[in-house]
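Listed below are the residues making up each chain.
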Amino acid sequence: MRQKFDGRPLEIRNAVSTYFEYCLLDTPDSACPLLQEFVIAPFALEECRRGGTSSEPGRMRPFSDAVTASASTSSTTAVATTVTSEQRESPCCSARPLAIGVVAVSMSFALIYFLMIVPLTTTIIPTTPSPITSGTVSSSHPTDSSILNSTLFASTTEHIPTTTEDPLYMNINDKHHRYQIPLNHIPLLYEVKLKLFLPWKPSVNYDTDNFVVEGHVRVHFTSGGGSRVLLHSDSEQHIGECMVRDEFGREIFVKHVGRGFPQVLDLHLAADMIHGMNYTLDIAFRRHMEQDGALGLFTVPYTYENETRYMVATHLQNSEARKVFPCIDIPEVKAQFDTVIIHPTGTTAIANMIDNSTVVDGGWTTTTFKRTPPMSTYLFAFSVSDFPYLERVSSRGIKSRVFCDPSKIESAELIADSVIPLLEFYEDYFDILYPLEKLGECNITTLLYTSTINTYKTTKNKQKYSSSGKPSVCNTLT
């Protein structure tokens, strides 16, 4: 088959090569659309991807360059087309990857920003399932859809009650747990100062302040952080000025003193405390002594020469220390105690430790006691009375004093003479030395010590021995 092309006979199988020669040698670019679309453009793009053959790698040559290069076979001199500066500054190969990278980075930043500003939603499952809003479900065979309808897809506008009760506060209203408070702070030392308005005899009278105790306690504690301090304090205890300072002496203002829980003093501070730092808490308080029972700080009347007199004593087991001063009244929380008692002149004060100093100032006497070893609050004890005492000293220098009603001082001789031998016997039996410097007894414990001495004498006469060869009195003591 033959056809004519440009006046020349042409076979179909040679049409493509002849057409290319015609377009390259004899006609301009616009006259050869097929050559421009299917040959020159793909060739230029492929050359750009490979880096090209021009002096500037990666730059696509214009079509006029390709025409000039192909025409160099018939001409000894090839005139190259000058490349403009704009074509040199915007390479075709790097533009497309750069644009893709910019788009990808922008989308990444947009996704991160979206995740930051949009809060994550959580599904709240109520404690009691809400009524099913769609469909009828058999009660004998519940399906998964009923569970979803009753829990996950509950109405968002429905108020679901939530509990914010901390496990540490679970026993704060239970009297059987001593109204236990959270142990966020650990006390190290209590500085207790008490002034007793005790009308111990008829000639002593303080009017409306009779049987009132005014006190001040400074609690040294290690903080567990937070802006609240919870202490045990009886509801009848009137709280005065409160102050908190850190270990550098900086004051933290107490903005509110609350009593939202029974027998609990709740102090709200204006700033948070630092976890692990030592603080001091000063509290002034005031209350009346107990006159109807023998718990806490109570008074006991007795008769001396046809007149009624009073003495003061403490019984703090097992959770009555909070009636005397604000504290953490839990047995496992142990601290040291510095005790100062201000009592009427003419009376004598005794406490856990031996007295360190006694100062008389008019109608008031201030007795300061040595610091105790770490102990629970319910072991804190003191007594104020006008009782005389009998003193004995052991071979190790331990002082034993027996305080007694003046009318019964002769009966106390037996106790005074028996306490030291009994103490030395137990030191030898248990091989444990008595740790304190003194051992004091008051007339409240007279019957206890009398029964102890009688039991000791009976056991000694029977000469009962234990497996260790020593007299066994433990089974007979109560």
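If you're wondering where the values come from, they're calculated on a predicted model, not measured in any experiment.

> Sorry, what's going on with the overall build of the protein here?
Helix and strand counts for the protein come out as eight helices and 20 strands. Put simply, the protein has 478 residues, and 36% of those count as buried. Considering only residue pairs separated by 6 or more positions, the protein has 65% of its internal contacts joining residues 24 or more positions apart. Working note: accessible area of the protein is about 28900 Å², and carbon and sulfur atoms make up 56% of it.

> Help me out: how do you make sense of the pattern of salt bridges in this one?
Side chains that carry opposite charge are capable of pairing whenever their charged atoms lie near each other. As enumerated under the stated definition, the model contains 20 salt bridges in all. Of the charged contacts in the structure, one is a salt bridge between aspartate 329 and arginine 322, with a shortest N-O distance of 3.2 Å. The pair formed by aspartate 329 and arginine 322 is uniform in burial state, with each residue classed as buried. Where salt bridges share partners, they join Asp234, Glu236, Arg287 and Glu290 into one cluster.

> Whenever I open this one, the side chain of arginine 309 confuses me. Can you help?
Of note, arginine 309 is situated in strand S12 (residues 307–315). Reaching out from arginine 309, the side chain makes a polar contact with the side chain of aspartate 386 at a distance of 2.5 Å.

> Hey, could you run me through the side chain of glutamine 237 in this one?
With respect to the secondary-structure elements, glutamine 237 resides in the loop between strand S5 (226–232) and strand S6 (238–246). With relative accessibility at 2%, the residue glutamine 237 sits in the buried group. Once residues within four sequence positions are removed from consideration, glutamine 237 is found in contact with Arg259, Phe285, Arg286, Arg287, Arg322, Lys323, Val324, Phe325 and Pro326.

> Teacher, can you tell me more about helix H7 (residues 412–430) here?
Owing to its 3.6 residues per turn, the α-helix brings residues three or four apart onto one side. Here H7 spans 27 Å end to end across 19 residues, near enough to the 27 Å set by a 1.5 Å rise per residue. Serine 418 marks where H7 bends most, by close to 30°; the proline proline 421 follows one to four residues later. The complete set of buried residues in H7 reads Ala412, Ile415, Ala416, Ser418, Val419, Ile420, Leu422, Leu423, Phe425, Tyr426, Glu427 and Tyr429. Just downstream of H7 lies aspartate 431, where phi reads positive at about 55°.

> Where do I start with the nonpolar core in this structure?
Here is a general trend for soluble globular proteins: nonpolar side chains tend to be buried in one another's company. Tyr190, Leu194, Leu196, Leu281, Ile283, Phe325 and Phe382 are the most contacted members of the largest nonpolar core, which has 59 residues in total. In this structure, leucine 194 is in contact with Val213, Glu214, Gly215, Phe285, Val324, Val340, Ile341, Ile342 and Phe382, ignoring residues within four places of it in sequence.

> Even after reading the chapter, I still don't get the packing of aromatic side chains, so can you show me in this structure?
Aromatic ring pairs are reported here in terms of the distance separating the ring centres and the angle at which the planes meet. Throughout the structure, instances matching the rule amount to 17 aromatic pairs. Judged by centre distance (6.0 Å) and plane angle (20°), the ring pair of phenylalanine 221 and tyrosine 279 falls under stacked. On the criterion of sequence distance, the pair formed by phenylalanine 221 in strand S4 (residues 212–222) and tyrosine 279 in strand S10 (residues 278–288) is long-range, its members being 58 residues apart. In this structure, phenylalanine 221 and tyrosine 279 share a single accessibility class: buried. Each ring, one from phenylalanine 380 and one from phenylalanine 382, has its centre 6.0 Å from the other, and the planes form 65°; the classification is edge-to-face.

> It is not clear to me how the sheet that holds strand S8 (residues 254–258) should be interpreted in this structure. Could you clarify?
Within a beta sheet, neighbouring strands are joined by backbone hydrogen bonds and run either parallel or antiparallel to one another. Within the open sheet, the three strands sit side by side as S5-S9-S8. Their pairing is antiparallel. At either end of the open sheet lies a strand with only one pairing partner, and these are S5 and S8. Geometrically, the sheet is characterised by an average inter-axis angle of 20° between neighbouring strands, direction not taken into account. As defined by bridge partners, S8 adjoins strand S9 (residues 264–273) across four bridges and the pair is classed as antiparallel.

> It is not clear to me how the confidence of the model for the protein should be interpreted in this structure. Could you clarify?
Averaged over all residues, the pLDDT of the protein equals 73, while 61% of them reach at least 70. Note that pLDDT drops below 50 for residues 119–164; the model gives that stretch 22 contacts with residues more than four away or on any other chain.

> Quick question: what am I supposed to make of the pairing of strand S17 (residues 382–385) here?
Across a regular strand the side chains alternate sides, sitting on one face of the sheet and then on the other. On S17, burial covers both faces: Phe382 and Val384 on one face and Ser383 and Ser385 on the other are all buried. Strand direction decides the pairing type here: S12 and S17, joined by two bridges, are antiparallel. By the bridge assignment, alanine 313 is partnered in S17 with serine 383. Alignment of strand S14 (residues 348–351) against S17, held across four bridges, turns out to be antiparallel. Note on S17: the bridge partner recorded for threonine 348 is serine 385.

> Explanation requested: the sheet that holds strand S7 (residues 251–252) in the structure shown.
Spatial ordering of the open sheet is given by S7-S6-S10-S4-S3-S13-S16-S15, a layout of eight strands whose pairing is mixed. Each edge of the open sheet is held by one strand with a lone partner, namely S7 and strand S15 (355–361). As defined by bridge partners, strand S3 (residues 186–197) adjoins strand S13 (residues 336–344) across seven bridges and the pair is classed as parallel. Considered in S13, the bridge of valine 192 is made with threonine 339.

> It is not clear to me how the pairing of strand S11 (residues 296–304) should be interpreted in this structure. Could you clarify?
Relative to S12, S11 is paired through nine bridges, and the arrangement is antiparallel. Bridge pairing links phenylalanine 298 to alanine 313 in S12. Counting the residues between successive antiparallel strands, the hairpin from S11 to S12 contains two residues, one of them, glutamate 305, with a positive phi of roughly 50°.

> What is the right way to look at the environment of leucine 265 in this model?
In this fold, leucine 265 is placed in strand S9. Each C-alpha atom of the pair leucine 265 and proline 326 lies 7.7 Å from the other, and the pair is 61 residues apart in sequence. Other than its neighbours up to four places away in sequence, leucine 265 contacts Val229, Leu230, Leu231, Ser233, Ile239, Val257, Gly258, Arg259, Ile283 and Pro326.

So, how was this worked out
- Residues numbered from 1 in each chain as written.
- Predicted model: local features only at pLDDT ≥ 70, side-chain atom pairs only at ≥ 80, totals over all residues.
- Heavy atoms only, no water.
- Helix = DSSP H or I, 4+ residues; strand = E, 2+ residues; numbered from the N terminus.
- Buried < 20%, exposed > 50% of the residue type's maximum accessible area, 1.4 Å probe, protein only.
- Contact = heavy atoms within 4.5 Å.
- Areas by Shrake-Rupley, 256 points an atom, 1.4 Å probe, with all protein chains shown as cover.
- Salt bridge = Lys/Arg side-chain N within 4 Å of Asp/Glu carboxyl O.
- Polar contact = N/O pair within 3.5 Å; in protein donor to acceptor, adjacent residues only side chain to side chain.
- Expected span 1.5 Å × (residues − 1).
- Bend = angle between axes of the 7 residues up to and from the residue.
- Core = buried A, V, L, I, M, F, W, Y, C linked by side-chain atoms within 4.5 Å.
- Phe/Tyr/Trp six-rings, centres within 6.5 Å; stacked < 30°, edge-to-face > 60°.
- Pairing = 2+ DSSP bridges.
- Axes fitted to C-alpha atoms, helices over the stretch in contact; angles between N-to-C directions.
- pLDDT = per-residue confidence, 0-100.

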